[in-house]
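# Observations on chain architecture
Letter by letter, the chains look like this.
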Amino acid sequence: MTTAQGAAPEHHRLIIVGSGPAGLTAAIYAARAELAPLCIEGLEAGGQLMQTTEIENFPGFPKGLMGPELMLNFREQAERFGTTFVTDDVDEVDLEATPKVVKVGPKTYTADAVIVSTGATARMIGLESEQRLLGHGVSTCATCDGYFFRDKELVVVGGGDSAMEEATFLTKFATKVTIVHRRDQYRASKIMLDRARANEKVEFIEWAEVAEVLDDGTGAVTGLTLRDTRDGSERRIDAQGLFVAIGHDPNTKLFTGQLDQDENGYLVTQAPSTRTNLEGVFACGDVQDHTYRQAITAAGSGCAAALDAERFLASIGDLPDASVDANRDEAEHPTGAATVGA
């Protein structure tokens, strides 16, 4: 096989597309198994945690740490064991081919197995002030950030189950949570909507949209400008935090027509494995998880994808001799110290 430019493609046993917690965990496990994975991390490497400030719910860090710092630790660990990185975006794939084909600009790579970990992107309102204050009072994850808003007045934007769930969760910490919605009809299920309405800390503002996130020059959210969706009039409300809960979009466009997707565009895997509909192709992290969307669950599925890929490569006879036991709990570290298979 040669490329259009006549150069032979660069072949790897395993290519990982994506570099969030799932992709980098897969890289760590695959590299420990001596698969020498290639991780095409993207121009916006590190996933959604690169836009997160302090993280306090990732195990092993009792004092917390910054999102970018955590992802740098992930990357350094993967690199230490032999992962090679390409900091660019994938332009095209042929996952039905043997070997699999992954194109990055003028460069063509092939692989016997591919792990897809391209994640999902939170939908945003689209305001400059929203983007500027992301991680400084604006959030897309109540589970991740709710703890930091104790005794604050918060706003949740959205009208679906996610918005109701986030608002209800945030009442554990906030003094008041206001749900702002563009109309008076909701996509949320009746049970979720009723639960939010029954909570004495939850209020509703209907027929409104967020026109501006205010910080008064402080670098932290102090209020919102709301615009009436019927007559365009505006008013200000006080708030110390804004949670945007209008959905996520899985980053799966690249794989449309090749990998099976559900009605929302998430990749379908053959649970409890990470196998997709194509042999030798695995998916992990938020690209196939619209339920939990947490860094720790993404990392766990990345581990599973690496183990699944390792077993697949073993089944086709494409493994170095030492790799099969590399990720088992009882494996011996080269120094003689026991390793932890987690």
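Up top is the structure.
Attention here is on the structure that accompanies the text. (Residues numbered from 1 in each chain as written. Predicted model: local features only at pLDDT ≥ 70, side-chain atom pairs only at ≥ 80, totals over all residues. Heavy atoms only, no water.)

## A closer look at the pattern of salt bridges
Overall, the coordinates contain 16 salt bridges when judged by the stated rule. The salt bridge involving Lys 107 is made with Glu 10; its shortest N-O contact spans 3.2 Å. Taken together, the residues Lys 107 in strand 8 (residues 107-116) and Glu 10 in strand 1 (residues 10-17) connect sequence positions 97 residues apart. Exposure remark for Glu 10: the relative accessible area of 31% places this residue in the partly exposed category. Arg 132 serves as the salt-bridge partner of Glu 128, at 3.2 Å between the closest nitrogen and oxygen. Of this pair, Glu 128 and Arg 132 both sit in helix 3 (residues 128-132), four residues apart, which is roughly one turn of that helix. In this structure Arg 132 comes out as partly exposed when scored by relative accessible area, which is 39%. Each of Arg 182, Glu 209, Arg 227 and Glu 234 takes part in a single network of salt bridges with overlapping partners. (Salt bridge = Lys/Arg side-chain N within 4 Å of Asp/Glu carboxyl O. Helix = DSSP H or I, 4+ residues; strand = E, 2+ residues; numbered from the N terminus. Buried < 20%, exposed > 50% of the residue type's maximum accessible area, 1.4 Å probe, protein only.)

## Observations regarding the nonpolar core
By size, the foremost hydrophobic cluster in this structure holds 35 residues, and its most contacted members are Leu 14, Ile 16, Leu 35, Leu 70, Phe 74, Ile 115 and Phe 282. Contributions of two or more residues to this core are made by strand 1, helix 1 (21-32), helix 2 (67-80), strand 8 and helix 7 (295-315). In terms of residues, this core owes the most to one element, helix 7, which gives nine residues. Setting aside its immediate chain neighbours within four residues, Ile 115 contacts Leu 14, Ile 15, Ile 16, Val 17, Ala 26, Phe 282, Cys 284, Ala 305, Ala 306 and Ala 309. Ranked by size, the runner-up nonpolar core spans 21 residues in total, among them Val 17, Val 104, Ala 283 and Val 287. (Core = buried A, V, L, I, M, F, W, Y, C linked by side-chain atoms within 4.5 Å. Contact = heavy atoms within 4.5 Å.)

## A short note on the packing of aromatic side chains
Under the counting rule described, the total for this entry stands at eight aromatic pairs. Seen from their ring centres, Phe 58 and Phe 61 are 6.4 Å apart, and the 45 degrees between their planes marks the pair as tilted. The class for Phe 58 is buried, based on a relative accessible area of 13%. Ring geometry for Tyr 186 versus Phe 204: centroids 5.9 Å apart, planes at 85 degrees, classification edge-to-face. Highlighted residues: Tyr 186 in the loop between strand 12 (176-180) and helix 6 (190-198) and Phe 204 in strand 13 (residues 202-205), separated in sequence by 18 residues. Given a relative accessible area of 21%, Phe 204 falls into the partly exposed group. An aromatic cluster of three or more residues is present, and its members are Tyr 147, Phe 148, Phe 169 and Phe 173. Positioned over the ring face of Phe 85 is Arg 75, at 4.0 Å from the centre of the ring. Here Arg 197 stacks its cationic end above the ring of Phe 204, 4.5 Å away from the centre of that ring. (Phe/Tyr/Trp six-rings, centres within 6.5 Å; stacked < 30°, edge-to-face > 60°. Lys NZ or Arg CZ within 6 Å of the ring centre and 35° of its normal.)

## What to know about the environment of Tyr 266
With respect to the secondary-structure elements, Tyr 266 resides in the loop between strand 18 (248-250) and strand 19 (281-283). Excluding its chain neighbours within four sequence positions, the residues that come into contact with Tyr 266 are Ala 120, His 248, Pro 250, Asp 260, Gln 261, Asp 286, Val 287, Gln 288, Asp 289, His 290 and Arg 293.

## Notes on helix 1
A rise of 1.5 Å per residue sets the reference length of helix 1, with its twelve residues, at 16 Å; its end C-alpha atoms lie 16 Å apart and thus fit the reference within 8%. On its buried side, helix 1 packs onto strand 1, strand 2 (38-40), helix 2, strand 5 (84-86), strand 8 and helix 7. Following helix 1 by one or two positions, Glu 34 has its phi on the positive side, about 60 degrees. (Expected span 1.5 Å × (residues − 1).)

## Focus on the sheet that holds strand 14 (residues 208-214)
Overall, antiparallel pairing links the three strands, which are arranged 14-15-16 in an open sheet. Edge positions in the open sheet fall to strand 14 and strand 16 (234-238), since each of these has one partner strand only. Taking the axes of each pair of neighbouring strands and ignoring which way they run, one obtains an average angle of 30 degrees across the sheet. (Pairing = 2+ DSSP bridges. Axes fitted to C-alpha atoms, helices over the stretch in contact; angles between N-to-C directions.)

## Some details on the pairing of strand 1
Pairing of strand 1 with strand 8 involves seven bridges; the strand directions are parallel. If you follow Leu 14 over to strand 8, its bridge partner there is Ala 113. When strand 1 meets strand 2, the two strands line up parallel, connected through three bridges. When the sheet's bridge partners are listed, Ile 16 is paired in strand 2 with Cys 39. With helix 1 bridging strand 1 and the parallel strand 2, this β-α-β connection has right-handed handedness. (Right-handed = clockwise from strand over helix to strand, strands pointing away.)

## Re the state of the cysteines
Applying the stated criterion to the full structure yields one disulfide. A disulfide bridge connects Cys 141 with Cys 144, and the sulfur atoms are separated by 2.2 Å. When the S-S torsion is 70 degrees, as for the bridge of Cys 141 with Cys 144, the disulfide is right-handed. Look at Cys 141 and you get buried, because its relative accessible area is 13%. Assessed through its relative accessible area of 27%, Cys 144 is described here as partly exposed. With no disulfide of its own, Cys 39 lies 10 Å from the sulfur of Cys 284, the closest cysteine sulfur. Take Cys 39: its relative accessible area is 0%, and that puts it in the buried class. As a non-bridged cysteine, Cys 284 has Cys 303 as the owner of its nearest cysteine sulfur, 10.0 Å distant. (Disulfide = S-S within 2.5 Å.)

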